[in-house]
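Fold and contact review
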Amino acid sequence: MDEVEKAKLMAAKHAFQLIPPNNRVIGVGTGSTVEKFIQLIREKRELFHDKVFVASSIDTALRLREHGFKVVSTSTIDKIDVYIDGADEVDPEMNMIKGGGAAHVLEKILAYNAETRIFIVDYTKLVRRLGEKHPVPVEVLPEALLFVYRRIKELGLRADIRKSRGGKYGVVVSDTRGIIIDVHLDKPVDVVELDRVLHEIPGIVGTGFFIGLADKVIVGYPDHVEIIEKPIKDRHYSNDYRL
Ligand code: 5RP
């Protein structure tokens, strides 16, 4: 196993130990680090027989099911106790870019609605600014693809429509039936403002910016982990709009 794989396993092992036993609904993200987490829970299946899982992608749902776990549709639940996922980039503020696996729309819905959000990454995912190593994926309704693509380029951003690297010819279509435009951040930008501007373009379903959605980031190294935590006061349900 190479160093990065060892680091992913370290992060997944630590996340496994952090899941409180009283959590019933567990959300699971997508990707190779999450895959290691799934392998770990499979080895301790007896501890999870009373749990219900909700998956951020068809791939994750299939893997959980083939190991005998109970997977329910996202449309049948309104709250998740704990959510575990990976990420493509994490900045010092715990903001992230996700969507390397084109699952970010559902991943964001699950993360937003989870009581506790734990992200597991290897050390190569740490960046000083978002966009340093990865473009930010933007999911677009197929009907709006070229309108959105043109508008993004008018904003002065370099963008590519994501193409399949095998198994399918042409554009990548996500599990939520959108097409992915990868937007490159060639120079430092205010990601919160860019995220807001992108969401104003009709046809964009969601971006891969995860701003303020992590409670804990477990960073794996080949022989140890580091944990980055967010102060509780920043939780996303702090606003109360009840009359
Ligand atoms: C999928 C994601 C993944 O979490 C992200 O791409 C990281 O994947 P990996 O653990 O394989 O490096 O956002 O949409």
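Residues numbered from 1 in each chain as written. Predicted model: local features only at pLDDT ≥ 70, side-chain atom pairs only at ≥ 80, totals over all residues. Heavy atoms only, no water.

1. Some words on the site of the ligand
What counts here: Proximity criterion: a residue is near a molecule or strand once any of its heavy atoms comes within 4 Å of it. Residues adjacent in sequence count toward polar contacts only when both atoms are side-chain atoms; beyond that, a polar contact is any pair of N or O atoms within 3.5 Å, and within protein one must be able to donate a hydrogen and the other to accept it. Each accessible area is a Shrake-Rupley result for a 1.4 Å probe, and residues are judged covered by the shown protein chains and nothing else. As a working rule, the residues Ala, Val, Leu, Ile, Met, Phe, Trp, Tyr, Cys and Pro are called nonpolar, Asp, Glu, Lys and Arg charged, and the rest polar, with Gly in that last group.
The local shell around the ligand holds 17 residues, among which S32, T33, D88, K98 and K125 are the closest. In this structure, G101 approaches the ligand through a main-chain N or O atom, which is 3.2 Å from an oxygen atom. Within the backbone of A103, an N or O atom sits 3.2 Å from an oxygen atom of the ligand. Contact with the protein chains hides 90% of the accessible area of the ligand, taken as 380 Å² for the molecule alone. By residue class, the composition of the shell around the ligand is 3 nonpolar, 8 polar and 6 charged.

2. Focus on the packing of aromatic side chains
Operational definition: Between rings of Phe, Tyr and Trp, where Trp is taken as its six-membered ring, a pair exists when centres lie within 6.5 Å; planes separated by under 30 degrees are stacked, by over 60 edge-to-face, and by other angles tilted. The numbering of helices and of strands both runs from the N terminus, where a helix is a DSSP run of H or I of at least 4 residues and a strand a run of E of at least 2. Exposure classes here rest on a 1.4 Å probe applied to the protein chains alone. A residue is buried below 20% of its type maximum, exposed above 50%, and partly exposed in between. To sit over a ring, a charge needs its Lys NZ or Arg CZ within 6 Å of the ring centre and within 35 degrees of the ring normal.
Inspection of the entire model under this criterion finds 7 aromatic pairs. Taking 5.6 Å as the distance between ring centres and 10 degrees as the angle between the ring planes, the aromatic pair formed by Y123 and Y221 counts as stacked. With Y123 in the loop between β6 (114-122) and β7 (136-140) and Y221 in the loop between β12 (216-220) and β13 (225-229), this residue pair connects regions lying 98 residues apart in the sequence. Residue Y221 is classed as buried on the basis of its relative accessible area of 18%. Note that K98 overlies the ring of F210, its terminal NZ or CZ placed 5.5 Å from the centroid.

3. Thoughts on the sheet that holds β12
Selection rule: Here, any two strands with at least 2 DSSP bridges between them count as paired. Comment: axis = line fitted to C-alpha atoms, over the contacting stretch for helices; angle = value between 0 and 180 degrees taken between N-to-C directions. Should any heavy atoms of two residues lie within 4.5 Å, those residues are counted as being in contact.
Spatial strand order, β2-β1-β3-β6-β12-β13: 6 strands in an open sheet with mixed pairing. Taken across any chain shown, the strands that pair with only one partner, and hence form the sheet edges, are β2 (52-55) and β13. Direction aside, neighbouring strands of the sheet carry axes that sit 20 degrees apart on average. Where strand β1 (residues 25-28) and strand β3 (residues 80-85) come together, 3 bridges link them in parallel fashion. Residue G27 lies in a different strand from β3, and its bridge partner there is Y83. Running over the sheet, helix α1 (residues 3-18) touches β6, β12 and β13 and is turned about 160 degrees from β6.

4. What about the pattern of salt bridges?
Formally: A pairing counts as a salt bridge when a side-chain nitrogen of Lys or Arg comes within 4 Å of a carboxyl oxygen of Asp or Glu.
Taken as a whole and judged by the stated rule, the model has 18 salt bridges. Between K6 and E3 there is a salt bridge, and its shortest N-O distance comes to 3.4 Å. Of this pair, K6 and E3 both sit in helix α1, 3 residues apart, which is roughly one turn of that helix. For K6, a relative accessible area of 34% translates into the label partly exposed. Overall, the relative accessible area of 41% leaves E3 in the partly exposed class. Through salt bridges with shared partners, a single ionic network connects E35, D59 and R63.

5. Some points on the domain arrangement of the protein
Convention followed: Delimitation of the domains relies on an automatic or database domain assignment. As used here, buried area is the combined drop in accessible area, with a 1.4 Å probe, of two parts when they are placed together.
As far as domains go, the protein holds domain 1 (3-128 + 211-234) and domain 2 (136-207). Each of domain 1 and domain 2 was reduced to a C-alpha centroid, and the two centroids are 24 Å apart. Across the contact, 13 residues belong to domain 1 and 17 residues belong to domain 2. When domain 1 packs against domain 2, close to 1000 Å² is buried across both sides, 64% of that on carbon and sulfur atoms. Ranking the residues of domain 1 by area buried against domain 2 places A102, H104 and V105 at the top, with a combined share of 44%. Across the domain 1-domain 2 interface, the total number found is 0 salt bridges. On the surface where domain 1 and domain 2 come into contact, there are 4 residue pairs in polar contact (both at pLDDT 80 or more).

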